[in-house]
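Survey of secondary and tertiary structure
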Amino acid sequence: MGAWPYLESADHILHAGDVVDPAVIAELSALAPLTVVLGNSDALDVKEAGATETAEVTLGGIRIAMIHDSGLTRGRRERMRQLFPEARVVVFGHSHLPMNEDDGDLLLFNPGSPTWPRKAPFPSMGILWIEGEKVEGDIFPV
């Protein structure tokens with residue numbers, strides 16, 4: 001089915017970087033409000049189109065932080081908590097490996113990539129379901 005049907009019905013789109021083509025930012029922004037961070041594959045034109053190094057947004061009462069590269073697996077949760085002390089969720093990319101780990105305090109969420117899975121078993125994307133100030137992540141193949 002691909003990613004577009006999910007994007008077309010989104011309340012807000014979060015892009016964890018490696019946009020590569022700034023036209024993607026315009027396309028996604030036309031579908032829903034967009035928060036996007038710079039990836040290591042992004043050039044100045046993506047920054048000029050609106051991507052930032054980090055981002056924080058509150059959706060449905062849930063504080064969501066974003067960064068492309070969360071660093072090594074070891075110590076990631078502690079690093080992200082220190083970097084984003086108010087966040088309930090940290091969305092990141094870089095490895096393109098899906099991750100959905102919630103310890104009840106901090107949800108670490110890497111949706112993978114719908115276009116460039118690299119070492120992941122399949123192209124993927126994710127949805128953050130937010131209801132009643134609770135959040136749950138869901139990652140699936142596209």
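Above this note sits the structure.
A brief look at the structure comes next. Everything quoted here is computed from the prediction, not taken from an experiment. (Residues numbered from 1 in each chain as written. Predicted model: local features only at pLDDT ≥ 70, side-chain atom pairs only at ≥ 80, totals over all residues. Heavy atoms only, no water.)

1. Some details on the pattern of salt bridges
Keep this limit in mind: Here, a salt bridge means any side-chain nitrogen of Lys or Arg that lies within 4 Å of a carboxyl oxygen of Asp or Glu. Each helix is a run of H or I in the DSSP string that is no shorter than four residues. Each strand is a run of E no shorter than two, and both are numbered from the N terminus.
Inspection of every chain in the model, using the stated rule, returns 4 salt bridges. For the salt bridge of D105 with R81, the shortest nitrogen-to-oxygen distance reads 3.3 Å. Of the two residues, D105 is situated in the loop between β6 (99–102) and β7 (107–110) and R81 in helix α4 (residues 76–83); the sequence distance between them amounts to 24 residues. Where D102 meets R88, a salt bridge forms, and the shortest distance between an N and an O atom there is 2.8 Å. With D102 in strand β6 and R88 in the loop between α4 and β5 (89–91), the pair connects residues that are 14 residues apart, well separated along the chain.

2. Considering the packing of aromatic side chains
Centre-to-centre distance and the angle between the planes together describe a pair of aromatic rings. Quick reminder of the rule: Each Phe, Tyr or Trp ring (for Trp, its six-membered ring) is paired with any other whose centre lies within 6.5 Å, and the angle between the two planes then decides the class: stacked below 30 degrees, edge-to-face above 60, tilted in between. For the exposure calls, accessible area comes from a 1.4 Å probe over protein chains only, and a residue counts as buried if that area is under 20% of its type's maximum, exposed if over 50%, partly exposed in between.
Going through the model one piece at a time under the given rule, you end up with 1 aromatic pair. With a centroid separation of 4.6 Å and an interplanar angle of 45 degrees, the aromatic rings of Y6 and F140 are classed as tilted. Taken together, the positions of Y6 in helix α1 (residues 4–8) and F140 in strand β9 (residues 134–141) put the pair 134 residues apart, joining distant regions of the chain. Taking relative accessible area as the criterion, Y6 reaches 27% and is therefore assigned partly exposed. For F140, a relative accessible area of 12% corresponds to the buried category.

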